[in-house]
Amino acid sequence: MPDTPKKLRVGWFSFTCCEDSTIIFTELLNDYFFRWKNLLDIRYAKALRTKNILDQLDVAFVEGAISSQNQAEKLKKIRGLSTKLVAIGSCAVSGFPSAQRNLFDQATLSEIKPILERFSYTPKVLKVDEVVKVDVYVAGCPMDEKKFLEVLDTLLVEFNVIVG
Ligand code: SF4
């Protein structure tokens, strides 16, 4: 029986954000679906799959900033299951623009306090590397598509899915 070709086990995760990098990723499938079908084992991507599995990953792509303790705990779990973690888009890389409330004055913070309490948000919105170690950064709002494709190809070589 022939060996099953190795695929890169990946997950795509969105936290506090507008999910535009998810849309970019989905749009890229118009051009790359047939290539990635043979190279990627997409274990978790809520925009693409109805059944998602959170298990051992080669690479976790993480979009969005972290604005609650629940999100921080989920991110730590993802980090624990992933060999590499890639921060996707400005909100994940720098916190902004999702972290705008970190810059609010006291009066505005008082106004939004009931909302923070109601949804159990943390006082400060965090960028991803304030919670877990990040291996690779893909900046941009939304993410820089060219950089994402470069990073993905580098990871495919690094994990011996394709030859560099
Ligand atoms: S970086 Fe920009 S596009 Fe991406 S989630 Fe944040 S606001 Fe949206």
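Everything below is about the structure printed above this text.
On a predicted model such as this, the values are computed, not experimentally measured, just so you know. (Residues numbered from 1 in each chain as written. Predicted model: local features only at pLDDT ≥ 70, side-chain atom pairs only at ≥ 80, totals over all residues. Heavy atoms only, no water.)

(A) Up close: the environment of T50. With respect to the helices and strands, T50 occurs in the loop between β2 (40-45) and β3 (57-63). According to the relative accessible area criterion, T50 is exposed, its value standing at 83%. Sequence separation between T50 and L28 is 22 residues, and the spatial gap between their C-alpha atoms is 20 Å. (Helix = DSSP H or I, 4+ residues; strand = E, 2+ residues; numbered from the N terminus. Buried < 20%, exposed > 50% of the residue type's maximum accessible area, 1.4 Å probe, protein only.)

(B) Spotlight on the layout of surface pockets. Put simply, the largest pocket is a space of about 210 Å³. The wall of the largest pocket is formed by W12, F13, S14, F15, E19, T22, Y44, A45, K46, A47 and K74. Elements with a contribution of two residues or more to the lining of the largest pocket: β1 (8-14) and β2. Among the elements that take part in the lining of the largest pocket, β1 stands out by supplying three residues, more than any other. Class assignment of the residues belonging to the lining of the largest pocket gives a composition of six nonpolar, two polar and three charged. Taken as a whole, the second largest pocket spans an internal volume of roughly 150 Å³. Broken down by secondary-structure element, the contributors of at least two residues to the lining of the second largest pocket are α1 (20-39) and α3 (90-94). Tallied by class, residues from the lining of the second largest pocket come to seven nonpolar, five polar and three charged. (1 Å grid on protein atoms, 1.4 Å probe; cavity = no way out; pocket = protein on both sides within 12 Å on 5 of 7 lines; lining within 4 Å. Points joined across faces, edges and corners; volume = space filled by probe spheres on them. Nonpolar A, V, L, I, M, F, W, Y, C, P; charged D, E, K, R; others polar.)

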